[in-house]
Amino acid sequence: MKTFIKLASCTAVAAGFAILPPAVSAQSTMAYPEKCKSEGMKMDMSKMDMSGGMPMGEMTDYQKASSDGMKDMHMNMMQGMMKKDADVSFVCGMIAHHMGAISMSEVELKYGDNEEAKQMAQKVIEAQKKEIEEMSKWVDKEVK
């Protein structure tokens, strides 16, 4: 197992992206592209109930962390989807969606106990980060 993780780490670094430690969030390592944000659209997601009706006080730390990540993802997806150009809207929405997948995976790495699930979470982080980098380059190049 240690050999697999060491090999995966070396492969990830060689491919040009780092494996995030469990305590590092997608939002702290990647920023949602400014060109994806919609002008004049202000959403206060902190007032929205993303807990599915469960009072925040009754949520576990895992559920609170997951909920926080989903709030960020939904806010950014809505920003991206408000773009008038369908291609830009799609790519910006997917960047936000991938950032949400990374956030969920980071929560799994922090709170999960099952090694197989944690390995899946690590693979998600690696794949989604690479795709976010590709899509962000497209946004920088194509969006005026």
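In this text the structure is predicted, and so the values were computed from the model without any measurement.

**Some words on the overall build of the protein chain**
Helix and strand content of the protein chain: five helices and zero strands. Ordering the α and β elements of the protein chain from the N terminus gives α-α-α-α-α. Carbon and sulfur atoms provide 59% of the accessible area of the protein chain, an area that totals close to 8,900 Å².

**Some details on the state of the cysteines**
In the structure shown here, the tally under the stated rule is one disulfide. Note that Cys36 is cross-linked by a disulfide to Cys92, the S-S spacing being 2.0 Å. Looking down the S-S bond of the Cys36 and Cys92 bridge, the torsion is -75°, so its handedness is left-handed. On the criterion of sequence distance, the pair formed by Cys36 in the loop between helix 2 (26-29) and helix 3 (61-81) and Cys92 in helix 4 (residues 86-111) is long-range, its members being 56 residues apart. The exposure class assigned to Cys92 is buried, which follows from its relative accessible area of 0%.

**Some points on helix 3**
Helical periodicity: at 3.6 residues per turn, an α-helix aligns residues three or four positions apart in one direction. Its 21 residues give helix 3 an end-to-end C-alpha distance of 30 Å, which sits within 8% of 30 Å, the value for a rise of 1.5 Å per residue. Among the residues of helix 3, those classed as buried are Ser66, Ser67, Gly69, Met70, Lys71, Met73, Asn76, Gln79 and Gly80. In this fold, the buried residues of helix 3 make contact with helix 4.

**As for the packing of aromatic side chains**
A complete count under the given rule lists one aromatic pair for this structure. For the pair Tyr62 and Tyr111, a centre-to-centre distance of 6.2 Å together with 80° between the ring planes defines the contact as edge-to-face. Taken as a pair, Tyr62 in helix 3 and Tyr111 in helix 4 lie far apart in primary sequence, 49 residues in all. Among the residues examined, Tyr111 registers a relative accessible area of 31% and is labelled partly exposed.

**Some details on the packing of helix 4 against helix 5 (residues 115-142)**
Interaxial distance between helix 4 and helix 5 falls to 8 Å at its minimum, and their mutual angle equals 155°. Classified by the angle their axes make, helix 4 and helix 5 are roughly antiparallel. In this structure, helix 4 crosses over helix 5, and the sense of that crossing is left-handed. Of the residues assigned to the contact of helix 4 with helix 5, the class counts are 17 nonpolar, five polar and six charged.

Definitions and limits used
Residues numbered from 1 in each chain as written. Predicted model: local features only at pLDDT ≥ 70, side-chain atom pairs only at ≥ 80, totals over all residues. Heavy atoms only, no water. Helix = DSSP H or I, 4+ residues; strand = E, 2+ residues; numbered from the N terminus. Areas by Shrake-Rupley, 256 points an atom, 1.4 Å probe, with all protein chains shown as cover. Disulfide = S-S within 2.5 Å. Buried < 20%, exposed > 50% of the residue type's maximum accessible area, 1.4 Å probe, protein only. Expected span 1.5 Å × (residues − 1). Contact = heavy atoms within 4.5 Å. Phe/Tyr/Trp six-rings, centres within 6.5 Å; stacked < 30°, edge-to-face > 60°. Axes fitted to C-alpha atoms, helices over the stretch in contact; angles between N-to-C directions. Parallel < 35°, antiparallel > 145°, perpendicular 65-115°, else oblique. Left-handed = near helix turned anticlockwise from the far one by under 90°. Nonpolar A, V, L, I, M, F, W, Y, C, P; charged D, E, K, R; others polar.

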